[in-house]
Amino acid sequence: MSQPVPANSPFSVVFLLHFALDVPMAIQGLWSPLRLPFLQLNNTTLVFIKLYAALVAGTCLASLLVFGLPEFLPGKRALAIALCIYHVTCSTILFNAPRFIPHSFGALAESYRATPEIVWGTLHGLVGLGFAIWWQATVQIAAAMAKAAKRQ
């Protein structure tokens, strides 16, 4: 007698971490992009911020919707890979960006290169890593479900 395959993993919390990291940017970018703490905002950058915020809002909503779904569903797995690539790319962009957020965590933090851009990039990198860990932790569930489907 075979054991039942668990449909959900505690690693799915990474979908909520994506939501928590990106929903503030989505909300403020859509409703009040001029209040974002960025340097040199002009009409073109405001349009791109709103477009980016709309995209991020969509991914946040998708993350909330798939959070409770079983791990073996192809749509959830596809979203996870897309969000992994998104977060890793954002991390790389933010690590290499010139200073564009005119805030500081203080002289000590600045001496360790702990700028808002680097911290934001680190958070994106950690969420990207979280999606990679989720993928590896749940690949056996997806394989077991695929094998069970072939037997039927």
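These figures come from a predicted structure and were not determined experimentally.

Engineer: Account for the packing of helix 3 (residues 74–96) against helix 5 (residues 116–151), with residues named and values stated.
Structural biologist: A pair of packed helices is characterised by two quantities: the angle between their axes and the separation of those axes. Contact pair helix 3 / helix 5: the axes reach a minimum separation of 8 Å and the direction vectors enclose 155 degrees. Accordingly, the angle class assigned to the pair helix 3 and helix 5 is roughly antiparallel. The way helix 3 lies across helix 5 gives a crossing that is left-handed. The class makeup of the residues in the contact of helix 3 with helix 5 is 18 nonpolar, 8 polar and 3 charged.

Engineer: Summarise helix 3; cite the residues concerned and give the values.
Structural biologist: The end-to-end C-alpha distance of helix 3, which contains 23 residues, comes to 33 Å, matching closely the 33 Å that a straight helix rising 1.5 Å per residue would cover. Those residues of helix 3 that fall on the buried side of the exposure criterion are Lys 76, Arg 77, Leu 79, Ala 80, Leu 83, Cys 84, Tyr 86, His 87, Cys 90, Ser 91 and Leu 94. Tucked into the core, helix 3 has its buried residues touching helix 1 (13–31), helix 2 (43–66) and helix 5.

Engineer: Could you give an account of a nonpolar patch on the surface, with specific residues and numbers?
Structural biologist: A cluster of nonpolar side chains, contributed by Phe 11, Phe 105, Val 119, Leu 123, Leu 126, Leu 129 and Ile 133, occupies part of the molecular surface with about 630 Å² of accessible area. Within the secondary structure layout, Leu 126 lies in helix 5.

Engineer: Could you give an account of the nonpolar core, with specific residues and numbers?
Structural biologist: One recurring pattern in soluble globular proteins: nonpolar side chains tend to sit buried together. Counting residues in hydrophobic clusters, the biggest one holds 24 residues, and the most contacted among them are Val 14, Phe 15, Phe 38, Leu 83, Trp 120 and Phe 131. Broken down by secondary-structure element, the contributors of at least two residues to this core are helix 1, helix 2, helix 3 and helix 5. Looking at this core element by element, the count peaks at 7 residues for helix 3. Setting aside residues up to four positions removed in sequence, Phe 15 forms contacts with Ser 63, Val 66, Phe 67, Lys 76, Leu 79, Ala 80, Leu 83, Phe 131 and Trp 134.

Engineer: Before we move on, can you summarise the layout of surface pockets with the specific residues and values?
Structural biologist: Considering only enclosed or pocket space, the largest pocket measures out at about 430 Å³ in volume. Lining the largest pocket are 16 residues, and of these Met 25, Phe 38, Tyr 52, Phe 100 and Trp 120 lie nearest its centre. For the lining of the largest pocket, the secondary-structure elements that each account for two or more residues are helix 2, helix 3 and helix 5. A breakdown of the residues in the lining of the largest pocket according to their chemical character gives 12 nonpolar, 4 polar and no charged. Reported here for the second largest pocket is a volume of approximately 200 Å³.

Scoring rules and cut-offs
Residues numbered from 1 in each chain as written. Predicted model: local features only at pLDDT ≥ 70, side-chain atom pairs only at ≥ 80, totals over all residues. Heavy atoms only, no water. Axes fitted to C-alpha atoms, helices over the stretch in contact; angles between N-to-C directions. Helix = DSSP H or I, 4+ residues; strand = E, 2+ residues; numbered from the N terminus. Parallel < 35°, antiparallel > 145°, perpendicular 65-115°, else oblique. Left-handed = near helix turned anticlockwise from the far one by under 90°. Nonpolar A, V, L, I, M, F, W, Y, C, P; charged D, E, K, R; others polar. Expected span 1.5 Å × (residues − 1). Buried < 20%, exposed > 50% of the residue type's maximum accessible area, 1.4 Å probe, protein only. Contact = heavy atoms within 4.5 Å. Patch = residues over 30% accessible without salt bridge, like charges linked within 9 Å, V, L, I, M, F, W, Y side chains within 5 Å. Areas by Shrake-Rupley, 256 points an atom, 1.4 Å probe, with all protein chains shown as cover. Salt bridge = Lys/Arg side-chain N within 4 Å of Asp/Glu carboxyl O. Core = buried A, V, L, I, M, F, W, Y, C linked by side-chain atoms within 4.5 Å. 1 Å grid on protein atoms, 1.4 Å probe; cavity = no way out; pocket = protein on both sides within 12 Å on 5 of 7 lines; lining within 4 Å. Points joined across faces, edges and corners; volume = space filled by probe spheres on them.

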